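Coordinate inspection notes
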Amino acid sequence: MKKSTTPTPPQPPRWADTLLQWFCAPHLLEELQGDLHEEFYYQVDRIGLRRARWLYVREVLGFVRPFAIKRQANSSASLYYSSTSFLQLNMLKNYFTLAWRNLWRNKGYATINVAGLSVAFCICVFLFLTVYLQLTFDSFHQDKERIFQTYFFANNPDKTTRSGNMPLPLAPALKLEYEEVEAAARVLMSWKSLVTYQDKNLDKDVVFTDPDFLKIFSFQLLQGNRETALTNKNSILISQNLAQAIFGNDDPMGKVLQITNGGKQKGYMVTGILPDAPFNSSIRYDALVRIENYPNYLPDQKNWTSNSHQVFIKLNPQVNQATFEKRLKLFARKYLAESLQNLQKNGAKPDSRGDIFTVRLQQLSKVHFDTEISKGPPIAIIYALLGIACFILFIACINFINLSIARSFTRAKEVGVRKYLGALKSQLFVQIWSESALICFIGLALGAILAHLLLPEFNATFDTRLQYAHLHQPGFLALLLGVFILVTLIAGGYPAWLMARFNAVAVLKGKISLKKPGFLRNSLLVSQFVMSCLLTCCTIIALQQVEHLRQKPLGFEKEQVISIPVGTQANGRQVLQRLRNKLANDPTVLAVTGTSVNLGKGKDHVSSRSTIGLTYKGKEVASDLLLVDYDYLKTLQIPLLAGREFSKSYPSDSVDRVIITQSMAEMLGEKQAVGTFIKDDADTTNSKMEVIGVVPDFHLYSAADEKRPVMMHFSHSEPINYIFIRVAPQSLKYSMDKMKALWREVAPGSEYTGSFLDENIAAWYQNEEKLAQICSLASAIAIILSCSGLFAVALLVMEQRTKEIGIRKVLGASVTDIIYILSRDFVKLVVVALVIAIPLAWFLMHQWLNNYSYRIEISAWVFVGVGLVAMVLALLTVSFQSIKAAIMNPVKSLKTE
Amino acid sequence: MKRTYLGEFEEIVLLTVVLLEGQAYGVAITHQIIEQTGRSVRLNQVHAALHRLEEKGMVASKMGEATAERGGRRKRLFTITAYGEQTLLDIQAVRTQLLSLLPRALKPSISL
């Protein structure tokens with residue numbers, strides 16, 4: 001080696017050289033690099049090392065030109081192909097034509113793929129839409145990160161409770177005391193009121209609120225002045241919907257509406273029109289009026305213990321939630337000292353933040369998913385749906401991959417010939433991938449059409465209001481596009497890449513076959529089966545739990561009882577009286593009663609609950625309070641444990657007499673409850689309630705909850721909201737029709753919304769049922785998709801082993817032997833899948849069931865059953881292929897060689 | 001008349017190849033053009049032009065000897081083909097013809 005005269009000879013930048021080597025065509029590299037180096041040394045002498053290096057880089061970059069960029073120069077086909085870039089339109093057109101012909105020739109394969117994909121896409125559209133709508137709840141408000149709902153946090157000795165119901169004086173006090181609060185509004189929803197204008201009577205949701213409502217929420221006024229719309233106590237803002245219903249095309253502004261609630265009618269002047277609340281809004285309204293009009297406003301105005309409504313506040317931009325919550329600690333101590341002391345007396349200890357009882361804030365974006373504050377769905381369900389959607393998509397992708405790989409072997413010859421003729425890897429990749437993209441596109445299009453057609457059905461079944469219009473939102477479109485690209489890339493790209501790598505010579509010699517069943521393919525199959533088994537197990541257990549809840553004895557007889565909401569247009573007490581008169585001699589009617597609270601969820605969707613808390617002989621007693629009428633126990637067939645029911649023969653029953661449930665009696669600590677007087681220690685008015693009867697516990701609210709103590713009282717003055725009628729079992733349908741007809745006579749002008757109590761009760765489990773239904777649908781689809789995937793792989797294996805089977809047969813193997821040999825491997829895969837899926841399913845469902853106090857035990861039979869079914873299905877799918885292969889004439893398969 | 005497609009820069013490069021008489025390769029051509037015409041030319045432009053000329057069949061090339069400053073890499077030496085020479089002559093003929101047809105002689109431009 002020659003020694004250089006300079007100790008370190010100047011060198012051009014190494015990385016630029018590497019770059020050149022990477023992109024430069026190999027046959028040009030030597031001369032180009034030589035020239036570059038020669039130029040470099042020339043320039044070093046002329047302009048110095050630094051500038052020469054800089055120039056060198058510029059020169060290298062200058063060579064990024066078509067003539068110098070890497071191409072295969074030595075292949076005989078290069079002249080033809082090298083001038084054809086694989087992104088040329090003609091070539092793409094050619095690929096799609098080829099793809100179309102290939103699909104047409106293999107209709108079965110194409111059908112499985114397209115059907116699987118379109119079903120998966122369709123389900124995913126629904127699920128993604130549902131999730132999208134749920135996750136964007138309340139997100140349309142401009143300052144949403146500054147808007148909070150207040151709630152009471154109480155660290156009871158046994159558990160912590162959070163409640164979003166606030167007393168009337170709270171919001172004004174907050175606004176007065178804390179300058180951080182920019183606006184605060186009380187919101188009282190779910191209050192049906194009668195809206196009257198001329199001859200029109202409508203039951204509508206009138207929301208009672210404060211003028212700050214419009215400062216907090218960004219519902220844009222369509223008409224009216226935002227600043228002054230609610231300054232007057234007699235103002236009313238109505239929704240577009242209501243305006244249309246009452247005024248049609250007339251201008252509603254300035255007109256006076258009559259609103260009746262709590263038996264009092266009052267006139268309100270329309271000062272603005274609001275758009276209808278979007279589906280994903282927690283705040284729902286038909287009209288807004290000032291909260292001062294709320295019937296109990298005057299008595300409760302200063303009452304800190306009567307909790308009736310939600311409070312929303314908007315903080316100043318710089319205020320931090322945690323800091324503000326710290327400041328709020330004093331607030332509870334100042335205004336709610338009594339509750340705090342009561343808790344302390346009961347042994348409540350401060351939690352980790354040092355709070356026993358305090359006011360806290362929940363962000364608006366989280367309100368919808370807060371099951372305690374707003375009774376929304378738990379966010380876990382939303383994520384479960386998202387997960388299921390991904391599962392299904394994933395299974396469909398796996399199928400796609402497996403099917404494409406399976407087919408790629410039958411097409412190996414085509415690939416070989418193309419390669420021999422000089423097709424580049426990239427060209428083969430694009431060709432095969434374009435086929436997948438075509439299938440995927442057809443699948444997507446069909447899925448979209450399917451989704452479009454099934455949307456009304458889906459909405460009806462799952463009681464949602466998904467709209468196709470939501471699909472046009474950019475976020476959702478982007479998501480869908482992303483899914484499409486991902487699916488084509490994963491599902492189409494992998495097999496395409498695999499095939500493009502085939503060794504041309506080996507293929508043409510007929511030697512191509514995977515030596516051992518691909519690890520990747522097997523793991524894909526296993527994960528597919530894990531998912532479908534998991535979904536199936538979870539679905540079965542969820543269904544069992546729902547059924548369990550439904551079958552649970554509620555403490556009353558729910559069959560044969562018609563429940564009619566009285567509505568706001570009629571006086572419940574009068575209607576009840578008239579009905580009793582009309583039905584007195586009807587043999588098909590067994591009993592009639594009235595009450596304040598519906599059981600289950602009726603057609604009016606209203607639920608209300610009233611509770612009472614008192615200190616009895618030094619003990620804290622909390623109970624549900626239920627207004628009943630004569631024959632309540634008879635109508636619902638609740639047996640008496642002791643005492644008697646309210647009766648007309650005791651005229652004094654309407655004053656301070658109660659029937660209590662067993663758990664209430666236990667809470668009072670009285671062995672002989674009948675005859676005792678319940679009295680609040682703190683009450684000085686000497687009012688007391690005499691217990692006249694004890695009944696077993698029954699479920700007044702959802703059976704998923706524990707039974708709570710109930711105190712039933714009787715009154716001649718309080719409003720009756722629901723009428724229950726027990727009818728004879730022979731003629732349920734007939735009775736329903738008769739009631740409907742009778743309703744027109746007893747309550748003219750009021751709509752009949754009666755329903756059977758058992759239907760109402762079923763509506764309690766809507767959430768569980770919806771979830772279970774979606775899960776069953778999803779798992780059914782997952783299983784079908786997995787089986788079609790298995791089918792495809794079986795097809796692949798049979799094709800690969802045709803010769804082996806032929807030889808085995810010639811050597812004397814029986815058909816059974818061959819089926820056994822062929823099915824063995826698949827059964828192994830299914831067993832592995834089950835071993836993974838079952839513990840996972842058990843764990844997940846165990847967690848889920850913990851939410852229910854009344855729950856089933858997970859039975860091992862579920863897993864055994866699912867395992868067996870999975871095995872049988874897999875065997876059936878595989879055996880279809882293996883029998884075909886086993887009974888094939890070996891001469892045929894061996895002759896080809 | 002048969003048309004020959006030769007860009008102006010290609011023409012310069014082709015002429016330089018003739019000028020260098022068997023010693024024409026990338027760097028030499030580049031330096032020669034810079035020297036003779038004073039235009040700032042970069043190596044990659046010259047190579048691209050040479051590549052095009054070769055595709056058009058106006059130059060032929062063979063690998064030459066290696067030198068130390070090239071890191072032992074050989075250079076590609078270009079020579080003009082008969083077709084290339086013919087093209088140059090054609091171009092010249094067209095120009096002469098056109099100039100001779102001009103109604104008045106062109107004044108030499110004044111350069112400062």
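Residues numbered from 1 in each chain as written. Chains lettered and ligands numbered in written order. Predicted model: local features only at pLDDT ≥ 70, side-chain atom pairs only at ≥ 80, totals over all residues. Heavy atoms only, no water.

1. Here's the deal with a nonpolar patch on the surface
Residues and elements named next belong to chain A. Among the surface-exposed residues, Leu446, Ile449, Leu450, Leu453 and Leu454 lie close enough to one another that they form a single nonpolar patch of about 430 Å² accessible area. With respect to the secondary-structure elements, leucine 446 resides in helix H16 (residues 425-462). A relative accessible area of 39% places leucine 446 in the partly exposed class. (Patch = residues over 30% accessible without salt bridge, like charges linked within 9 Å, V, L, I, M, F, W, Y side chains within 5 Å. Areas by Shrake-Rupley, 256 points an atom, 1.4 Å probe, with all protein chains shown as cover. Salt bridge = Lys/Arg side-chain N within 4 Å of Asp/Glu carboxyl O. Helix = DSSP H or I, 4+ residues; strand = E, 2+ residues; numbered from the N terminus. Buried < 20%, exposed > 50% of the residue type's maximum accessible area, 1.4 Å probe, protein only.)

2. Things to note about the confidence of the model for chain B
Caution applies to low-pLDDT regions: their predicted coordinates should not be interpreted in detail. All names here are of chain B. Looking at chain B, pLDDT values average 85 and 91% of them are 70 or higher. Ranking the elements of chain B by mean pLDDT puts strand S1 (residues 59-66) last with 86 and helix H1 (residues 8-20) first with 92. With pTM at 0.63, the complex prediction returns an ipTM value of 0.85. (pLDDT = per-residue confidence, 0-100.)

3. What about the nonpolar core?
Residue and element names in this part refer to chain A. Among the nonpolar cores identified, the biggest contains 69 residues, and Phe556, Leu599, Leu626, Tyr632, Phe698, Met712 and Phe826 are the most heavily contacted of them. In this structure phenylalanine 698 touches Leu554, Gly555, Phe556, Leu626, Ile638, Thr661, Val710 and Met712, once residues within four positions along its chain are discounted. Counting 58 residues, the second largest nonpolar core, distinct from the first, contains Val114, Val131, Leu393 and Phe400. (Core = buried A, V, L, I, M, F, W, Y, C linked by side-chain atoms within 4.5 Å. Contact = heavy atoms within 4.5 Å.)

4. Comments concerning the confidence of the model for chain A
Residue and element names in this part refer to chain A. Across chain A, the average pLDDT comes to 81, with 91% of residues at 70 or higher. Note on residues 1-6: pLDDT under 50 across the span, and two contacts to partners over four residues away in sequence or across chains. Confidence over residues 72-84 falls short of pLDDT 50; this stretch has 15 contacts with residues more than four positions distant or in other chains.

5. Details of the state of the cysteines
All names here are of chain A. All chains considered together, the criterion is met by zero disulfides over all chains. Between cysteine 533, a free cysteine, and cysteine 537, which holds the nearest cysteine sulfur, the sulfur-to-sulfur gap is 6.4 Å. We classify cysteine 537 as buried; its relative accessible area is 1%. (Disulfide = S-S within 2.5 Å.)

6. Comments concerning the interface of chain B and chain A
Contacts between chain B and chain A engage 19 residues on the former and 20 residues on the latter. Summed over both sides, the interface between chain B and chain A buries roughly 2000 Å², with carbon and sulfur atoms accounting for 51% of that surface. Summed over the shared surface of chain B and chain A, the number is five salt bridges. Linking Arg74(B) and Glu30(A) is a salt bridge whose minimum nitrogen-to-oxygen distance equals 3.1 Å. Sorting the residues of the side of chain B that touches chain A by element identifies helix H2 (26-37), helix H3 (43-56) and strand S2 (74-80) of chain B as the ones contributing at least two each. By residue number, the principal contributor to the side of chain B that touches chain A is H3(B), which donates six residues. Classifying every residue of the side of chain B that touches chain A gives six nonpolar, six polar and seven charged. (Buried area = accessible area lost by both parts, 1.4 Å probe. Nonpolar A, V, L, I, M, F, W, Y, C, P; charged D, E, K, R; others polar.)

7. Some words on the pairing of strand S20 (residues 689-695) of chain A
Residue and element names in this part refer to chain A. Among the seven residues in S20, six count as buried, and that is most of the element. Bridge analysis of strand S17 (residues 642-643) against S20 gives two bridges, and the strand direction is antiparallel. Each bridged residue has a counterpart across the sheet, and for alanine 642 the counterpart in S20 is valine 694. The pairing of strand S18 (residues 657-661) with S20 spans five bridges and is parallel. When the sheet's bridge partners are listed, valine 658 is paired in S20 with valine 691. Relative to S20, strand S19 (residues 677-678) is paired through two bridges, and the arrangement is antiparallel. Within the sheet, the bridge partner assigned to phenylalanine 677 lies in S20 and is glutamate 690. (Pairing = 2+ DSSP bridges.)

8. Regarding the packing of aromatic side chains
Residue and element names in this part refer to chain A. Here the structure, examined in full by the defined rule, presents 23 aromatic pairs over all chains. Chaining the aromatic ring pairs together yields one cluster made of Phe140, Phe213, Phe217, Phe219, Tyr285 and Phe312. When the ring centre of tyrosine 151 is taken as origin, the NZ or CZ atom of arginine 162, which lies over that ring, is 4.7 Å away. The side chain of lysine 688 reaches across the aromatic face of phenylalanine 677, ending 5.1 Å from its centre. (Phe/Tyr/Trp six-rings, centres within 6.5 Å; stacked < 30°, edge-to-face > 60°. Lys NZ or Arg CZ within 6 Å of the ring centre and 35° of its normal.)

9. Remarks on the environment of Glu54(B)
Residue and element names in this part refer to chain B. Note on placement: glutamate 54 falls in helix H3. Along the backbone, glutamate 54 and isoleucine 80 are 26 residues apart, and their C-alpha atoms lie at a distance of 9.4 Å. The residues contacting glutamate 54, other than those within four sequence positions of it, are Val59, Ser61 and Phe78.

10. Quick look at the packing of helix H20 (residues 572-583) of chain A against helix H23 (residues 732-746) of chain A
All names here are of chain A. For the pair H20 and H23, the least separation of the axes is 10 Å and the interaxial angle reads 125°. In this view, H20 runs oblique relative to H23, as classed from their interaxial angle. As for the relative orientation of H20 and H23, their crossing is right-handed in sense. Residues Val575, Arg578, Leu579, Lys582 and Leu583 of H20 pack against Met739, Leu742, Trp743, Glu745 and Val746 of H23. (Axes fitted to C-alpha atoms, helices over the stretch in contact; angles between N-to-C directions. Parallel < 35°, antiparallel > 145°, perpendicular 65-115°, else oblique. Left-handed = near helix turned anticlockwise from the far one by under 90°.)

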